[in-house]
Amino acid sequence: MEFEFVPVDYDYFDFEGRNYVRLVGRNGKGEKVCVVDSYEPNFYLVLKEGADAENIVDQIKDVSVEKASRITKVLRTEILDKKFLGKNVKAIRVYIDNHKDAHEIASAIGDIEGIDKRREYDIPIITKYIKEKKVEPLRRYRVRGRKMEDGGQGLSIPCFEAQEILPSKNDEEFTPKILAYDIETSDRELGKGDIFMISLYGEGTRSETSRGDGQQVTGDREDSDIFKKVLTWKHCEKKEDYMEFYESEAEMLKGFVKHVNEYSPDILAGYFSDGFDLPYLKGRADVHKVKLSLGIDGKKPNFTRGRIPSGKIAGIVHVDLYRFIDAVFSQYLQSETLSLNEVARELVGEEKEDFDFVKLGNMSDSDWYDFISYNLQDSAVTYKLAQKIWPDVAEFTKIIKEPVFDVTRDRMATHVENHIIHNLDRFNEIVDKRPGFAETNERKMKGKFEGAFVFEPKPGFYEDLVMFDFTSMHASIIVSFNVSKATLRSDCEGNHQTPEFVLDGEKTRVCFSKEAGFFSTLLSEVVDKRKKYKKEYFANENPMTKARSNAYKLLANATFGYQGFFGARYYSRESAAATLAFVRKYTHDTMNKIEDAGYTIIYGDTDSIAFLQNSKSKDEIMKFLGEINDDLPGIMELDLEDFYSKGLFVAKRGSTTGAKKKYALMDSRDKIKIRGFETVRRDWCKLTRGLQSEVLNLILTDGNEKAALKLTKETIKRLKDRSVDFEDLMIRTQLKREISDYTATGPHVVAAKKMVAAGVAVSPGMLIEYFVGEGSGKRVGDRVYLAGERVKYDIDYYLGNQIVPSVEGIFNVFDVNVKDIVSGSKQQKLF
DNA sequence: GGATACCCTTTACC
DNA sequence: ACGGGTAAAGGGTATCC
C-alpha cells in the first residue's frame, strides 16, 4: 500500500546480522506509524595517487571480523571517482554487513599499500542513513510499503516495511502533537526522595493535528480540547477535574504510563527533564518494580551516556527544552538564568505562581491543593514554551537534517558539522574523520591566536554619534577569501593571501585558493538564505519566518568558531587565525578611511566602529557608507548600525584610560543601550544595578548629571539608614564547578559551603546567593551570609564595594567626585 | 606591615 | 567534548620594600 509519511524519530535495529532503520512518524491521516527501511552499511577507502584500485579490492574482498555472535564481512566494493578535502581522488566504497563493525573492518583492512585514508566509518548510522537515502526529518514522503505482522517487532503502532520512499509534492508544514510533563518530589536529589505528583499538559487530542495553512494552532480553544492532569498519591479536600488521586506512588507511575500511551504524542517535552524528571521517574519505577513502558516497543526510557545523559523513549521524541535553549537559544535571550520561570516569562510572557518549598516539611491540606495546581502550571508553561520554540526546532531540524532528538541536544559545533556532512554529496566529497583522543589533546594544547581589535575610547559624554558594523563579518570573510582547511594553500601564486599575522610567536601569511571549496560554498548559501529569510520575515512576521531567519543567522555566526574548535572534523587553526587577521585588517582600514574623511572615532569592537557625526547630515553619512562598501571585497558589507544622540564612555576603575566594552548610548527614539556596565552584570546586587541604571538613564536623558547625583545621595542615605531591603543586597554568583575543585575560595564558594553545611543540595551551575554582613573578618568571605540570617548588612562594604564604584566612573566624566560626597566633605567645584 | 603584583574566577562584548 | 578571542573587575594571597 502507499501512504503519505512524515519521519519524526529515527532508530535502528539488527535483524539476522543486518542493519535496519526504523522511522516513526505520522501518516496522511495523522496516525502514528512506523516505517522500516533497509540500509547498506559502507565506508570509504581513499586511495593514493596512482594506486592500483583493482588490486586493493582483491586484497580486501575476503576481510571479515567476528564479534560476539556476529560475523561482518566485506560484501561488495565500488571503485569511484570522488573528492576528498576538495582534491580529486580514486576511492573504494566498501559495503559490509553491519555498521557497528565498520570501525573494526576498517582497522582490519589496515594500511594496505595504496590506501591513503579510511573514512566515514565513524559517522553514526542514522546520520549515514539520512545522508545516503535522503529520508529527512519533518519532510513529507510517499511511502510504498508492506504492512508487517505484529507491528514489526511487537510495536504498539502499525508498521510498514518500505519498498520505496519518495519525496511528496505536499509541502504542508508538519505540526507535532506535544505533551508536556513535570514532576514534584520530596528531595531534589535522585535516589533520596519520592515523587509526589506528575503533571501532564497538551492540546488537541483530535487525531488530525495539522492545519492546512501551516500556522500554529493556539489560543481560542475549547477547554475540553485541552488535556491536563495531575497524578498524585497525596490528597487534598478541594478537588478539581484535572486531579487524579492514586493509592500509592507505584499506582501513580502506572497511571502516568497509561496516559502517555493513550495520548501518543510525537513529542514529550520537559524542562531539565534529561537531568531530573525522566531519570527520577525511571529510578522510582525501578524501586517499585513498575515497568515504565513509555516506548512504542513497550520498553522503558534508555539513557545515552555522554557529558549529560539524554533520555530516549522509543517512538516518542523526548525533548528537554532546557537543552535546546541552553545550546542554541540562550545567547539571544535576556534572561539571566535559564530557569523555567525566567525563560517562560521572556519567551511566552507567562508568569507562573510560585510555591514556597519551605512548606514541604509541614504541609496543610490546602498547601497540597496549592502544590498540585503549581505542578499543573509547570506543565502548562512547559507546553507553551514548547509551542513557542517548536518553529525553531523544526527549522533547525530541516536545515541540519538530523533527528529532532539530536537537534534539541547538540551544541552549535555539532550543528555546523552535521549541516556540512548532510550536504557533502552535492560536492561528491567524502567526509573527513573526527579527531581521535591524541589529536584532540594536541589541538587543545596549542595556545590562542590573536583575536579582534578593540578601540580604546576616550572617557567622555558625546553627542550625535554614528555606528557602522560589518554584517556577519567572520562569515563574509570566510566566504570572500575561501578560508578553510581544504582550500588552504602553501603556494600563494594566484591565490588569496592573508595579511601578515602572528601564529605561535612567528609572523606568517597563509593563502587560500581562489576557487571556492565546499566549506565556503555552503557558508555562502547559509549567508544568502539568512538574507533572503530576513527579508521574508520583515515582509511577513510570523514564528516560522522568524525561526528560519534566526536559524541561518545562528549557523552563519557559529561557523567561524567551528574552524577553531578542537573537536571539529574540519578544524583549521590557520583558517581561524587567518579569518581574525582579515577581521583586524578590514576594521583598521575602515577606521582609517573614516578618520581620513575627517571624522573622530570614539569606539569600536571587532566589527563595529562608532564616530562623531560632525554635523554632517544622515544622507551624507549614508553616501559615505556607500563609498566604503564599493571598495570592500567579495560579499563583505558594512552596514549602518544606528545613529545615537548621546553616548557615555567611562574610564577603567582607578585609572584614566578608557574602559573597553563598557558604554551607554541613546538612539534617536530615546531608547537606551547599555553595554558592559554593572547594570547588565548579574553578579552585582540589585541596589547597585538599579541605581546605576537610573543614573545612566538620567544622564543620557537630561544631558547632565544633576538629577543622577541627587538620586545617588538619596540611595546612599537609605543604605546608611539601614532601610534597604535585604533582597536588594543579595549578590548572586554562579558556582561553575564542584566546591572541592576550587583553588581560590571566593565569597560565593564560602556561601556554597555554608549552604552545604545547612543541608542544602549544592551543585555546579547553581546561582549562589549571599549578602555581606557585619563581622570582624578581614576578608569578604568571612562576612558572607545566606538569605534569612539575622545579621546586619555591612554598610561600608555596600558603600565602598558596590554603590560608589558603580557610579564613580560615570560622575568622573562630569568632574564630580562621589567619594567626597560619601565622606561628607564638600563637593569640589572645578567650574 | 602596608602597598601591590599576580592569579583565580565570573561575567560581559562581539 | 560538543564555536572563538578580548576585556573588566573583585577577591585572595604571595611578594616586595
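Residues numbered from 1 in each chain as written. Chains lettered and ligands numbered in written order. Predicted model: local features only at pLDDT ≥ 70, side-chain atom pairs only at ≥ 80, totals over all residues. Heavy atoms only, no water.

Engineer: Any chance you could explain the state of the cysteines here in plain terms?
Structural biologist: Between two cysteines, a covalent bond joining their sulfur atoms is known as a disulfide. Going through the model one piece at a time under the given rule, you end up with 2 disulfides. The side chain of C34 participates in a disulfide bridge whose partner is C159; the two sulfur atoms lie 2.0 Å from each other. With C34 in strand β3 (residues 32–38) and C159 in strand β10 (residues 159–167), the pair connects residues that are 125 residues apart, well separated along the chain. When its relative accessible area of 0% is taken as the criterion, C34 is described as buried. A residue is classified by how much of its surface remains accessible, and C159, at 1% relative accessible area, is buried. Along chain A, the cysteines engaged in disulfide bonds are linked according to the scheme 1-2, 3-4 when indexed in sequence order. (Disulfide = S-S within 2.5 Å. Helix = DSSP H or I, 4+ residues; strand = E, 2+ residues; numbered from the N terminus. Buried < 20%, exposed > 50% of the residue type's maximum accessible area, 1.4 Å probe, protein only.)

Engineer: In this structure, what is going on with helix α20 (residues 795–812)? I would like to understand it.
Structural biologist: At V804, α20 is bent by approximately 50 degrees, the largest bend along its length, and proline P805 sits one to four residues beyond. Among the 18 residues of α20, 13 are classified as buried, and the element is accordingly described as predominantly covered. Its side-chain oxygen at 3.1 Å from the backbone nitrogen of D796, D794 defines the N-terminal cap of α20. (Bend = angle between axes of the 7 residues up to and from the residue. Polar contact = N/O pair within 3.5 Å; in protein donor to acceptor, adjacent residues only side chain to side chain.)

Engineer: Explain the sheet that holds strand β30 (residues 672–675) here, please?
Structural biologist: Consider a sheet: its strands pair through backbone hydrogen bonds, and that pairing is either parallel or antiparallel. Strand order in the open sheet formed by 7 strands is β19-β26-β27-β20-β28-β29-β30, with antiparallel pairing between adjacent strands. The open sheet has two edge strands with one neighbour each: β19 (454–455) and β30. As paired strands, β19 and strand β26 (residues 601–605) are joined by 2 bridges and run antiparallel to one another. Within β26, the residue paired with V454 across the bridge is D605. Across the sheet, helix α15 (residues 573–596) is in contact with β19, β20 (460–470), β26, β27 (608–612) and β28 (638–651); its angle to β27 comes to roughly 15 degrees. (Pairing = 2+ DSSP bridges. Contact = heavy atoms within 4.5 Å. Axes fitted to C-alpha atoms, helices over the stretch in contact; angles between N-to-C directions.)

Engineer: I keep staring at the packing of aromatic side chains and nothing clicks. Help me out?
Structural biologist: Taken as a whole and assessed by the stated rule, the structure comprises 46 aromatic pairs. Consider the rings of F357 and Y374, whose centres lie 5.7 Å apart with planes at 80 degrees: the pair is edge-to-face. Taken together, the positions of F357 in the loop between α7 (340–348) and α8 (365–400) and Y374 in helix α8 put the pair 17 residues apart, joining distant regions of the chain. Exposure remark for F357: the relative accessible area of 36% places this residue in the partly exposed category. Note on F461 and F814: the rings are 5.5 Å apart at their centroids and 55 degrees apart in plane angle, and the pair reads as tilted. Highlighted residues: F461 in strand β20 and F814 in the loop between α20 and α21 (818–823), separated in sequence by 353 residues. Looking at K177, its charged tip hangs above the ring of Y263, at a distance of 4.9 Å from the centre. The ring of Y586 carries the charged tip of K585 above its face, separated from the ring centre by 5.2 Å. (Phe/Tyr/Trp six-rings, centres within 6.5 Å; stacked < 30°, edge-to-face > 60°. Lys NZ or Arg CZ within 6 Å of the ring centre and 35° of its normal.)

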